[in-house]
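If you want the building blocks of each chain, they are given just below.
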Amino acid sequence: MVPVTVDPESKPGEFVLKSLFANFTSVSERKIRIIMAEPLEKPLNKSLQRGEDLQFDQLISTMSSLAEYCLPSILKTLFDWYKRQNGLEDESHEYRPRANTKSKSDEQQKDYLLERRDLAIDFIFSLVLIEVLKQIQQLRHKLNKFHRHGGSK
């Protein structure tokens, strides 16, 4: 588990969300490192599919459950993570021409690995988004049930 600094002014819900995302970030980075070390022939969906990593699956399920209470906060934090991973918040990721000191093969290998990393990030982001957004359907169902019964449970 990743240590999280506790702000004495933070609310319990904020602490839970920060802790959860600290763990999500740590586990996601670990998964991306593993994927980068795997043979290039191994499909990403095999490495990232549900059921391959119990800790990651449990983390996603927890985020989904928490989304029932704080969906906007989870979505904002998830989108912020995605932007950071893709360098969309940091101007240091601007285009830089390649030096011609490397062979064409080395450049292709590096490009392939960077593409694989980007695809892994997209895959992880999509998995979490699908699970978290399921809460919208569940909330709609609860609301409809509430209205059908005249506002009583």
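Model, not experiment: these values are computed from the prediction.

**Q** Quick question: what am I supposed to make of the pattern of salt bridges here?
**A** A side chain of one charge can pair with a side chain of the opposite charge if their charged atoms are brought near each other. The final tally for this structure, using the stated rule, is nine salt bridges. The shortest N-O distance in the salt bridge between D118 and R117 comes to 3.8 Å. A relative accessible area of 24% means that R117 is categorised as partly exposed. For K134, the salt bridge is made with E131, and the minimal N-O distance between the two is 3.0 Å. Placement of the pair is K134 and E131 together in helix α4 (residues 104–148), with a separation of three residues, close to one helical turn. Its relative accessible area of 14% is what places E131 among the buried residues. Within this structure, R50, D57, E131 and K134 form a network of salt bridges that share partners.

**Q** Whenever I open this one, the packing of helix α1 (residues 12–37) against helix α3 (residues 54–85) confuses me. Can you help?
**A** Geometrically, a packed helix pair is captured by the angle between its two axes and the distance between the axes. Where α1 contacts α3, the axes come no closer than 9 Å and their chain directions differ by 80 degrees. Looking at the two axes, α1 sits roughly perpendicular to α3. Contacts from V16, L17, L20, F21, N23, F24, T25, V27, S28, R30, K31 and I32 of α1 reach α3 at Q55, F56, L59, T62, M63, L66, S73, I74, T77, L78, W81 and Q85. The residue inventory of the contact of α1 with α3, partitioned by class, reads 14 nonpolar, eight polar and two charged.

**Q** Hey, could you run me through the side chain of D57 in this one?
**A** Locating D57 in the fold gives a position in helix α3. At a separation of 2.6 Å, a polar atom in the side chain of D57 contacts the main-chain amide nitrogen of G51. Ignoring sequence-local partners within four residues, the contact set of D57 consists of R50, G51 and E52.

**Q** When you look at the packing of aromatic side chains in this model, what are you seeing that I'm missing?
**A** Remark: the centre distance and the inter-plane angle together describe each pair of aromatic rings, the angle taken between the planes. Summed over the entire model, instances satisfying the criterion amount to five aromatic pairs. Taking 5.6 Å as the distance between ring centres and 75 degrees as the angle between the ring planes, the aromatic pair formed by F21 and F24 counts as edge-to-face. With F21 and F24 both in helix α1 and three residues apart, this pair spans about one turn of that helix. Assigned by exposure class, F21 and F24 land together as buried. Note on F24 and W81: the rings are 4.9 Å apart at their centroids and 65 degrees apart in plane angle, and the pair reads as edge-to-face. Pair noted here: F24 is in helix α1 and W81 is in helix α3, with a separation of 57 residues, a long-range link. Of the two residues, F24 and W81, neither departs from the other in class, the shared state being buried. An aromatic cluster is built from F21, F24, F56 and W81, whose rings are joined through pairwise contacts.

**Q** Mind showing me how you'd approach the side chain of E38 here?
**A** With respect to the helices, strands and loops of the structure, E38 is situated in the loop between α1 and α2 (44–48). Among the residues examined, E38 registers a relative accessible area of 14% and is labelled buried. Here K42 takes part through its side chain, which lies 3.4 Å from a polar atom of the side chain of E38. Among residues more than four places away in sequence, those in contact with E38 are S47 and R116.

**Q** I tried to follow the confidence of the model for the protein chain on my own but got confused; where do I start?
**A** Any residue range with low pLDDT should be treated as having predicted coordinates unsuitable for detailed reading. Taken over all residues, the pLDDT of the protein chain has a mean of 81, while the share at 70 or more is 82%. Confidence drops under a pLDDT of 50 for residues 91–99, and excluding neighbours within four residues, the segment shows four contacts in the predicted structure.

**Q** Explain the nonpolar core here, please?
**A** If you look at soluble globular proteins, the nonpolar side chains tend to sit buried side by side. Among the nonpolar cores identified, the biggest contains 29 residues, and F24, I74, L78 and V132 are the most heavily contacted of them. For this core, the elements supplying multiple residues, two or more each, are α1, α2, α3 and α4. For this core, the element with the most residues is α3, which contributes 12 residues. The contact partners of F24, leaving out residues within four places of it in the chain, are F56, L59, M63, L78, W81, I124 and V128.

Each value, and the rule that gives it
- Residues numbered from 1 in each chain as written.
- Predicted model: local features only at pLDDT ≥ 70, side-chain atom pairs only at ≥ 80, totals over all residues.
- Heavy atoms only, no water.
- Salt bridge = Lys/Arg side-chain N within 4 Å of Asp/Glu carboxyl O.
- Buried < 20%, exposed > 50% of the residue type's maximum accessible area, 1.4 Å probe, protein only.
- Helix = DSSP H or I, 4+ residues; strand = E, 2+ residues; numbered from the N terminus.
- Axes fitted to C-alpha atoms, helices over the stretch in contact; angles between N-to-C directions.
- Parallel < 35°, antiparallel > 145°, perpendicular 65-115°, else oblique.
- Contact = heavy atoms within 4.5 Å.
- Nonpolar A, V, L, I, M, F, W, Y, C, P; charged D, E, K, R; others polar.
- Polar contact = N/O pair within 3.5 Å; in protein donor to acceptor, adjacent residues only side chain to side chain.
- Phe/Tyr/Trp six-rings, centres within 6.5 Å; stacked < 30°, edge-to-face > 60°.
- pLDDT = per-residue confidence, 0-100.
- Core = buried A, V, L, I, M, F, W, Y, C linked by side-chain atoms within 4.5 Å.

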